[in-house]
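Structure at a glance
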Amino acid sequence: MLLYGMLEQKGFTFEAYIPNADVEPVAFELRILERGVVKFKLLVPMTYVPTFGVDVGDIRYLESVLDRVVLVLPDAADIGTDHILALHKIENEIGGTRLRHQPIAREGPVNGKLGDFEYTAGLFVEKFAPLMGGAEVLDKWMREARPQLNGLTPEEALRLGMAQDVVEILLENAGNARQPSP
């Protein structure tokens, strides 16, 4: 899972994570923390796989669920069993509980078919590999953290919707690789 965003309210930190592999459910994982300790996790189903960023409708849905969660929770010091049960009820109503019990795709091709993330990564590599000196070079480049992307790998940045930034950095690197050294 890849951290998408965070919010602090009522003494809690709310962290939203998105999937970044086909073995993870197509859902936000909303973590509720108090002083760095996870108090509860709930899955918020997404309509679309976030291969090149999160869909605007999915963001709005997450925000509406977060609004419900914040209304249910007291201040962090007062959280109790009733509040945890209310969070379970919300997760059940939105379909997150069902997602927890669904079988998830395995790594790699299933029945000869690639998963959404692998298929998209394959298209990206196919398009840009010639600029970087081949698929292996680009594949390695995609998995190395980049300071220009705030320490994210290009692969992670693509999942967060930073495709233009990734392409600009890739083209810059490709240009530097082609220039002869003095």
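Residues numbered from 1 in each chain as written. Predicted model: local features only at pLDDT ≥ 70, side-chain atom pairs only at ≥ 80, totals over all residues. Heavy atoms only, no water.

1. So, the environment of Glu15
Position of Glu15 relative to the elements: it lies in strand 2 (residues 12-18). Residues Glu15 and Tyr4, 11 residues apart in the sequence, show an inter-C-alpha distance of 7.6 Å. Reaching out from Glu15, the side chain makes a polar contact with the side chain of Tyr17 at a distance of 2.8 Å. (Helix = DSSP H or I, 4+ residues; strand = E, 2+ residues; numbered from the N terminus. Polar contact = N/O pair within 3.5 Å; in protein donor to acceptor, adjacent residues only side chain to side chain.)

2. Re the pairing of strand 1 (residues 2-9)
For strand 1 and strand 2, the ladder comprises seven bridges, and the chain directions are antiparallel. Each bridged residue has a counterpart across the sheet, and for Leu3 the counterpart in strand 2 is Tyr17. Connecting strand 1 to the antiparallel partner strand 2 that follows it, the hairpin turn spans two residues, and Lys10 within it adopts a positive phi of roughly 55 degrees. (Pairing = 2+ DSSP bridges.)

3. Remarks on the nonpolar core
Counting 40 residues, the largest nonpolar core has Phe14, Ile32, Leu42, Val69 and Leu138 as the members making the most contacts within it. Among all residues touching Leu138, those that are not within four sequence positions of it are Phe124, Val125, Phe128, Ala129, Met132 and Leu170. (Core = buried A, V, L, I, M, F, W, Y, C linked by side-chain atoms within 4.5 Å. Buried < 20%, exposed > 50% of the residue type's maximum accessible area, 1.4 Å probe, protein only. Contact = heavy atoms within 4.5 Å.)

4. Focus on the side chain of Glu91
One can find Glu91 in helix 2 (residues 81-94). Sequence-distant contacts of Glu91, defined by excluding residues within four places in its chain, comprise Lys41, Leu42, Leu43, Gly96, Thr97 and Arg100.

5. A short note on the packing of aromatic side chains
Scanning all chains against the criterion turns up two aromatic pairs. Measuring from centroid to centroid gives 6.1 Å for Phe12 and Phe14, while their planes differ by 50 degrees, and the two rings are tilted. For Arg31, the ring lying beneath its charged end belongs to Tyr17, and the centroid distance is 3.8 Å. (Phe/Tyr/Trp six-rings, centres within 6.5 Å; stacked < 30°, edge-to-face > 60°. Lys NZ or Arg CZ within 6 Å of the ring centre and 35° of its normal.)

6. A short note on unusual backbone geometry
With a phi close to 55 degrees, Lys10 is a non-glycine residue in the positive phi region. Here Lys10 is to be found in the loop between strand 1 and strand 2. Accessibility expressed as a relative area gives 35% for Lys10, which makes it partly exposed. Unusually for a residue other than glycine, Arg35 sits at a positive phi of about 50 degrees. In this fold, Arg35 is placed in the loop between strand 3 (27-34) and strand 4 (37-45).

Worth remembering: the numbers are spatial, not functional.
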